[in-house]
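Structural description and commentary
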Amino acid sequence: MLQKLEEVKKEFDSEIDSVASMPDMAQFKADYIGKKGRLSALMGGMRDLSVEDKKTFGARANEVKQEMIAAVEKRSQAIELEAINAKLEKNRQDISWTDRITDKGQQAAGLHPLTKVTRELEDLFLSMGFDILDGPHIEDEYHNFEALNIPESHPARDMQDTFWFKDKKHLLRTHTSNLQIRGMETHKPPFKFVGPGKVFRCETLDASHEAAFHQLEGMMVGRDISVPHMIHFLRTLLSEIFKSELKVRLRPGFFPFVEPGFELDYECLLCGGKGCSVCKQVGWVEALGCGMVHPNVLRGGGIDPNEFNGFAFGLGIDRLTMMRYRIDDVRHLHSGNLQFSEQFRTY
Amino acid sequence: MKISLDWIKDFVELPELSPQEMGVRFTLSTCEVEGVEETNAHMEQVSVVEITKIEAHPEADKLRLVSFETGSGERRVVCGAPNVAPGMKVPFAPIGTTLPGGFTLEPKKIRGVMSEGMLCAEDELGLSDDHAGLMELPADAPVGKSLAEYLELKRDVLLDIDNKSITHRPDLWGHYGMAREFSAAFGKPLAKPFDEAWIEKMRGLYNDETPPVSVTVDEGTACLGFCGLSVDGVSIKSSPVWMQQRLTACGMRPINNIVDISNYVMLELGMPNHIFDRDTVRGGRIIVRDMGKDGTFTTLDEMERKMIAADTMVCDAEGPSSIGGIMGGLTSSVKDETNRVFIEVANWKPERIRHTSTRLGLRTDASQRYEKSLDSHQIERTVLRILELLLESCPEAKVVGSLVSDKVQLKPPLIIDLTLERVNSILGTTLEQSEVIRILESLEYKIDAQGDVMKVTVPSYRATKDVEVDADLIEDVGRIYGFDKLIPLAPHNEITVTSLSPAKIMERRIQDFMVLRGRALEIYSYPLTGARLLEQADWSVMNEGLVLANALSPETDRMRPSLVPSLLEKASLNQKFHSKYRLFELGRSYLENEKNFSEDRHQLGIIYFDKNESPFMDVLNLMGDLLESLSLKAQIQPPNPKFANPVVASDWTGRHPHEFLDVRVMGKICGFIGTIHPLMCSKFKIKGNLVMAVLDMTDFMDRPVKDKTKYKPLPKFPGATFDCTVVAETNTPAADVLGVLKKVKLKELEDVRIVDVYPLSESQKTVTLRSWLLDRDKTLAPDFLKEAENKIVAALDKAGYPLKQG
């Protein structure tokens, strides 16, 4: 009997892997371990055995039954998986066919490069405690010139080729320095703010000259502010912009609204000051104009120059952006051409 | 402006520095040196030679082999010049010479024959533009002598100064003023050849004769004082070589001794002047007066200029002879036979000169200087320096009478109080008072130290405009001390909280939304526009009040009144590259405003273009999401003729008859979403579906974006849904059908939506609606549900949307 049991088990083992579907499996299961199955039949014959043999056979038969149940369960799961996978195989999609390789028109989306650089600058100043201001593009003479210590006859007005409106009183702001005046109207010292924005100059357009471009103005007013404070601050700023510890130098520069006034240069990053085509062989690159706020400007803004002083600076955002991305022609910035914008995509 | 260091050395000794180093030092202390140029260095290597023999070149018809004596042996070169002849004296540049073109001569075989240098034409030596043949030197030119020595050509270094960097420094528009800066910057003493003692000595030449020319300056003219001196017995000839060289180096063409002296003194002392042929001064009178009425005047460049009544002219008894402070006339200049002259030196009001010269488009060496505010103290000094040079050139000449002048007013000296504490506090230095005084004195300030306060007398030539307050003095101290010596220092900072302004936050949210949700590319288009584009876009607001007086072109002659025309233009441009695209701009448009002249409007413009399918619904859904994301109370609705849309005119031909909606924010219409009418598209050569949205944010962008979330606990009891399909006319908007459900009065009705819309026939369609029913306090009873469903169906039926049968 025991031998017979082992034979049935052997047959079971050899057949189970060839069961291929769930209905077949149900049949197979009934054949072996069903109420009328072969195992039950054998167990029915136990009556004729001695007590001793009954014990041995019973234990073994139970063991075989458990093994069979487990094997059927395992095989059933496998059959189910195969069936699902077969279905998946049938419904297979081409996952290489992404939007990126499909001609569906424009796929890219993203910010304008000037927006990216301006935001970076704004965030940098914000982290240093500066307010961010905005102001009108169409200005009056007072905010663009007079209040900045540039009276009507001042030759500095010639330095900036101004777009005038026909009333000869209003103009397109030639610099973001109007924000110094507008900022003083809304802030009490001590204060510090920057203001990025569009400015306009009546210049003939070419690859490096635009009539509409962008500047960032900054002003910090407090007590006992010195030129070394300004140098420290601007060096920190430029080092952060260029992600590199920079060397800077000041040289005299003339802007009527600051005194002393400076041009700030930084040591050329490309050649380390030895001279190359980027720095026009001088080893230094002009970065921005800056200086200590002229007492007349402070006074005009209702601030007592004997109590407070400070510094102001202005930098060109377009040039910074062009340097960052190596943009060859400033006119692309306002072109509205998506072939240009696409290159600065977020995705 | 070019500065000759050779000239500077007349007044100050310069340190031994390379020309480049000199440029850098001057840039750091005074003004921007844009370039450095060495002149005449090659002339020391080029020498006089005599041609001895000419042979044919064995391999080239046009070239010859020319032998010559150099004084230290015979040499031979290959030469192609047409005018070579034996016995001729010519300049020879040996191997190693660097000629003005920057090209260095190297040993070289020309067609197989070795050439040992070059015989030169005038242009190759930088002496003129002449390239007709070799420069022929006089027969008595000594063989072997360098050309530098023979022609008395001095080696020089020229600094090219950026004029913009000295607009505030009238004193730097002449070599003497520049020399003062070199003296201060390098700590070398400045020679003072034109001091008060010299003036006194020169005045000794004035005499008692009656001046043959009188001077009157009318009240109210542009003139700030006019001086003149008559000199007889001059003769016209060439200036000495050294003077010609300096003038040439500074970009002036030598003419004759009189004109050259006039220019030379301007370049030296910075004061423009004019030397008249006195015989042309009709009536022996000079009157400075305004034109009085509009008219014309011919300047010495033979151009007829249109003058207006307010222009100040220098006139004689008969009429104008020059435009005051700008340019002389044709007749008054000296001629070859001139014998008697009148030296004019005057000062002019900068703003008047600037006005007239700008209007005439005539910027001259004189007007450029007068614009900077010149110092009247320099008038007589300039007259006397001219006289000194005239007498050097024409020793036989003599002064007739003394200086004649009118309206010359000398301002009292400007004295500024300065404290050491202030200097050190601004510069962050620890300078001693003696050091500050030394620096200021090197710039010819006079200091009277009274305890802590230094009373600083500003030299008259700095006091015309540049130096006004102590900050100006501190700048001078700083730059001469050396700004590069200042040690950067962190400012002590007060702790402040800063954040972006609400407007900036809103702008950034919109930009991010448009990129991440709108899948769009940001563009910047031009804020300036022209009538042509506005007309093409059929835009009714032409912004005539915002037209520029000096536009660069008619295409950019005014401020744009709206983003719409710009966007149409960009849409047209980009459809060439893409069959489908999405772009946006956060830009400004500008409107006339009676009270404030103008107002900047902040607008968001969106364009979706698709060649095949209409992207209208995409833009509509996008705008809805955008407004919600900005927490703005907004509606998007069909236009109502009772309310005008301020962003786009109601009769704008770009409007689509159906696909056009107003955007209303906080009760005010401030934008639109619309498909651009095909006819407008065709005007811009756009072939496809163009949908545009513009949102004017000006009125609400300063409001903080608030988080208005109101949390409700999740329902504890299950809800139920109920679907029903009703029949509606084909043209009935699905939203109208849904609208009926929204009005059903049933507090358990949580939400209603459209599941599907399906055409039934030509004239009818079915709309399947889903209702969500929920009671937050209990499970919905079956009886209640039946009742609710009946209520919903009844409402639809009553509104004309019966249940679909079967």
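Residues numbered from 1 in each chain as written. Chains lettered and ligands numbered in written order. Predicted model: local features only at pLDDT ≥ 70, side-chain atom pairs only at ≥ 80, totals over all residues. Heavy atoms only, no water.

It is worth spelling out the packing of aromatic side chains at this point. If you walk through the whole model with that rule in mind, you get 31 aromatic pairs over all chains. Consider the rings of A:Phe125 and A:Phe233, whose centres lie 6.1 Å apart with planes at 40°: the pair is tilted. Pair noted here: A:Phe125 is in helix H5 (residues 113-127) and A:Phe233 is in helix H9 (residues 227-242), with a separation of 108 residues, a long-range link. With a relative accessible area of 0%, A:Phe125 lands in the buried category. By relative accessible area, which is 7% here, A:Phe233 ends up buried. An aromatic cluster is defined as three or more aromatic residues linked by ring pairs; in this entry it consists of A:Phe125, A:Phe130, A:Phe233, A:Phe311 and A:Phe313. The ring of B:Phe660 has B:Arg655 lying over it, and the distance from NZ or CZ to the ring centre is 4.0 Å. Across the ring face of B:Phe643, the terminal group of B:Arg664 is positioned such that the distance to the ring centre comes to 5.2 Å. (Phe/Tyr/Trp six-rings, centres within 6.5 Å; stacked < 30°, edge-to-face > 60°. Helix = DSSP H or I, 4+ residues; strand = E, 2+ residues; numbered from the N terminus. Buried < 20%, exposed > 50% of the residue type's maximum accessible area, 1.4 Å probe, protein only. Lys NZ or Arg CZ within 6 Å of the ring centre and 35° of its normal.)

Here the focus is empty space enclosed by the protein. Regions of empty space are outlined by a rolling probe, equal in size to a water molecule, passed over the atoms. Inspection of the entire model under this criterion finds 7 cavities of 30 Å³ or more. What the largest cavity holds in volume is close to 510 Å³. Taken together, 25 residues make up the lining of the largest cavity; nearest its centre are B:Lys504, B:Glu507, B:Gln511, B:Tyr524 and B:Leu586. Within the residue set of the lining of the largest cavity, elements represented by two or more residues are H5 and strand S4 (191-200) of chain A together with helix H14 (502-516), strand S28 (580-593) and strand S29 (597-610) of chain B. It is H5(A) that provides the largest number of residues to the lining of the largest cavity, a total of 5 residues. Here the lining of the largest cavity is built from residues that sort into 6 nonpolar, 9 polar and 10 charged. (1 Å grid on protein atoms, 1.4 Å probe; cavity = no way out; pocket = protein on both sides within 12 Å on 5 of 7 lines; lining within 4 Å. Points joined across faces, edges and corners; volume = space filled by probe spheres on them. Nonpolar A, V, L, I, M, F, W, Y, C, P; charged D, E, K, R; others polar.)

Residue and element names in this part refer to chain B. With respect to topology, 7 strands assemble into an open sheet ordered S25-S28-S29-S33-S32-S31-S30, the strand pairing being mixed. The open sheet has two edge strands with one neighbour each: strand S25 (521-522) and strand S30 (634-637). When S29 meets strand S33 (residues 689-696), the two strands line up antiparallel, connected through 8 bridges. In the strand pairing of S33, Leu604 is matched with Leu695. Packing against the sheet, H14 makes contact with S25, S28 and S29, and its axis sits at approximately 155° to S28. (Pairing = 2+ DSSP bridges. Contact = heavy atoms within 4.5 Å. Axes fitted to C-alpha atoms, helices over the stretch in contact; angles between N-to-C directions.)

This paragraph deals with the domain arrangement of chain A. Split by domain assignment, chain A resolves into domain 1 (2-90) and domain 2 (113-344). Centre-to-centre, using C-alpha coordinates, domain 1 of chain A lies 87 Å away from domain 2 of chain A. (Domains from an automatic or database assignment.)

One can read the domain layout of chain B as domain 1 (2-40 + 156-193), domain 2 (41-150), domain 3 (205-406), domain 4 (414-485), domain 5 (502-696) and domain 6 (720-798). Put simply, the middle of domain 3 of chain B and the middle of domain 5 of chain B, counted by C-alpha atoms, are 60 Å apart.

Moving on, we come to the packing of helix H2 (residues 22-33) of chain A against helix H4 (residues 51-90) of chain A. All names here are of chain A. At a minimum axis distance of 11 Å, the contact between H2 and H4 shows a crossing angle of 175°. As summarised for this structure, H2 and H4 are arranged roughly antiparallel, according to the angle between their axes. On H4, the residues touching Met22, Met25, Lys29, Tyr32 and Ile33 of H2 are Lys65, Met68, Ile69, Val72, Arg75, Ser76 and Ile79. Tallied by class, residues from the contact of H2 with H4 come to 8 nonpolar, 1 polar and 3 charged. (Parallel < 35°, antiparallel > 145°, perpendicular 65-115°, else oblique.)

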